Amino acid sequence: MKTVHSDIKEILLTNTQLTGRIAELAKEIDVDYAGKNPVLLCLLKGSVPFLGKLCEFISIPMTYECIRVSSYIDTTSSQNVKIQNINLDSLKGKDILIIEDIIDTGITLEATVKYLYSIEPKSIEIMTLLSKPSRRQVLGLEPKYIGFIIPDAFVVGFGLDYNENYRNYPHIGILKEEIYRD
Ligand code: PRP
């Protein structure tokens with residue numbers, strides 16, 4: 001039987017480690033957003049397992065919304081970001097906490113934050129489960145909340161994909177090189 005487990009070279013963070021850290025992040029949200037009824041804004045699709053686990057541990061009243069942000073490079077080499085599924089009414093005047101699975105170059109996040117400010121929220125903060133600072137191209141947009149800082153390795157699992165696969169791998173693992181070099 002073929003499983004996602006056999007394509008992983010090394011486990012970087014176990015599901016137990018992820019759960020423990022996410023519980024800590026949830027406690028920070030409980031304290032920092034007490035009385036604020038924040039909107040957790042999940043960037044699809046990779047952040048879904050992170051959002052789900054986070055919600056298990058958050059005790060204060062909150063809501064969540066999900067948006068799809070996709071970036072592409074056009075023929076003139078400029079970065080364009082398309083944002084879908086946005087319910088503007090639910091975000092105006094609100095304390096928004098962006099929920100990201102990973103920040104790599106920071107390009108997706110920069111475009112998302114720029115767009116969100118045009119909706120006139122009360123505040124915007126960023127929470128990411130993983131950060132790869134060595135890959136950063138956008139400066140001055142560091143998240144307030146970071147789960148783990150990781151090295152520049154090709155990681156999958158817990159929502160992160162390679163060609164849409166491995167999102168169901170329960171840990172964060174480093175993919176075997178032959179999988180993406182073929
Ligand atoms: C991934 C990830 C971040 C973004 C980070 O999304 O979820 O949103 O890339 O990269 P950056 O910092 O270099 O912009 P992806 O576009 O792969 O979509 P997905 O969440 O559906 O996998």
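Thresholds, definitions, all that
Residues numbered from 1 in each chain as written. Predicted model: local features only at pLDDT ≥ 70, side-chain atom pairs only at ≥ 80, totals over all residues. Heavy atoms only, no water. Helix = DSSP H or I, 4+ residues; strand = E, 2+ residues; numbered from the N terminus. Buried < 20%, exposed > 50% of the residue type's maximum accessible area, 1.4 Å probe, protein only. Lys, Arg positive; Asp, Glu negative; His and termini not counted. Charge placed at Lys NZ, Arg CZ, Asp CG, Glu CD. Axes fitted to C-alpha atoms, helices over the stretch in contact; angles between N-to-C directions. Parallel < 35°, antiparallel > 145°, perpendicular 65-115°, else oblique. Left-handed = near helix turned anticlockwise from the far one by under 90°. Contact = heavy atoms within 4.5 Å. Phe/Tyr/Trp six-rings, centres within 6.5 Å; stacked < 30°, edge-to-face > 60°. Lys NZ or Arg CZ within 6 Å of the ring centre and 35° of its normal. Salt bridge = Lys/Arg side-chain N within 4 Å of Asp/Glu carboxyl O. Near = heavy atom within 4 Å. Polar contact = N/O pair within 3.5 Å; in protein donor to acceptor, adjacent residues only side chain to side chain. Areas by Shrake-Rupley, 256 points an atom, 1.4 Å probe, with all protein chains shown as cover. Nonpolar A, V, L, I, M, F, W, Y, C, P; charged D, E, K, R; others polar.

Asker: Help me out: how do you make sense of the overall build of the chain in this one?
Answerer: Helix and strand content of the chain: 4 helices and 9 strands. Of the regular secondary structure in the chain, the N- to C-terminal order runs β-α-β-α-β-β-β-α-β-β-β-β-α. Referenced to the eigenvectors of the C-alpha coordinate spread, the extents of the chain come out at roughly 50 × 45 × 30 Å. Across the 182 residues that make up the chain, the buried fraction comes to 43%. Between the averaged position of the 20 positive side-chain charges in the chain and that of its 24 negative side-chain charges there is a distance of 1 Å.

Asker: Even after reading the chapter, I still don't get the packing of helix α1 (residues 15-32) against helix α2 (residues 48-57), so can you show me in this structure?
Answerer: When two helices pack together, their arrangement is given by the angle between the helix axes and by the axis-to-axis distance. For the pair α1 and α2, the least separation of the axes is 8 Å and the interaxial angle reads 60°. What the angle tells us is that α1 and α2 run oblique. Considering the relative orientation of α1 and α2, their crossing is right-handed. Contact residues: α1 offers Asn15, Thr19, Ile22, Ala23, Leu25, Ala26, Ile29 and Asp30, while α2 offers Phe50, Lys53, Leu54 and Phe57.

Asker: Help me understand the packing of aromatic side chains in this model?
Answerer: Within a pair of aromatic rings, the relevant descriptors are the distance that separates the centres and the angle that separates the planes. Inspection of every chain in the model, using the stated rule, returns 3 aromatic pairs. With centroids separated by 5.5 Å and ring planes inclined at 85°, the aromatic side chains of Phe154 and Tyr162 adopt a geometry described as edge-to-face. Assessed through its relative accessible area of 30%, Phe154 is described here as partly exposed. Relative to Tyr180, the ring of Tyr162 has its centre 6.3 Å away and its plane inclined at 65°; by these criteria the two rings are edge-to-face. Taken together, the residues span a long stretch of sequence, with Tyr162 in the loop between β8 (155-156) and β9 (172-175) and Tyr180 in helix α4 (residues 177-181) at a distance of 18 residues. We classify Tyr180 as partly exposed; its relative accessible area is 25%. Put simply, the rings of Phe154, Tyr162 and Tyr180 pair up and form one aromatic cluster. Its guanidinium or amino end placed over the ring of Tyr33, Lys36 lies 5.7 Å from that ring's centre, counting from NZ or CZ.

Asker: Would you take a moment to explain the side chain of Lys53 for this structure?
Answerer: Relative to the elements of secondary structure, Lys53 occurs in helix α2. We note that Lys53 is buried and unpaired, the nearest opposite charge coming from Glu56 at a distance of 4.2 Å. Among residues more than four places away in sequence, those in contact with Lys53 are Asn15, Thr19, Ile22 and Phe158.

Asker: Sorry if this is basic, but what is going on with the pattern of salt bridges here?
Answerer: Side-chain pairs of opposite charge can arise whenever the charged atoms involved come near each other. Overall, the coordinates contain 11 salt bridges when judged by the stated rule. Ionic pairing is found between Arg21 and Glu24, a salt bridge with its closest N-O pair at 2.8 Å. One end of the pair is Arg21 and the other is Glu24, both in helix α1 and 3 residues apart, which spans about a single turn. Judged by relative accessible area, Glu24 falls into the partly exposed class, the value being 43%. Glu142 is the partner of Arg136 in a salt bridge, and the nearest nitrogen-oxygen pair spans 3.0 Å. In this structure Glu142 comes out as partly exposed when scored by relative accessible area, which is 44%. Bridged by salt links that share partners, the residues Lys45, Asp161, Glu164 and Arg167 form one connected network.

Asker: I tried to follow the site of the ligand on my own but got confused; where do I start?
Answerer: If you check the shell around the ligand, you find 15 residues, and the closest are Glu100, Asp101, Thr105, Gly106 and Thr108. In this structure, Thr105 approaches the ligand through a side-chain N or O atom, which is 2.5 Å from an oxygen atom. Between the ligand and the protein, one listed contact pairs an oxygen atom with a side-chain N or O atom of Asp161 at 3.1 Å. When the ligand is considered free in solution it has 500 Å² of accessible area, and contact with the protein chains removes 79% of it. Looking at the shell around the ligand, the elements with two or more residues in it are β5 (95-103) and α3 (107-117). Looking at the shell around the ligand, the element that brings in the most residues is β5, giving 4 residues. For the shell around the ligand, the per-class residue count stands at 4 nonpolar, 4 polar and 7 charged.

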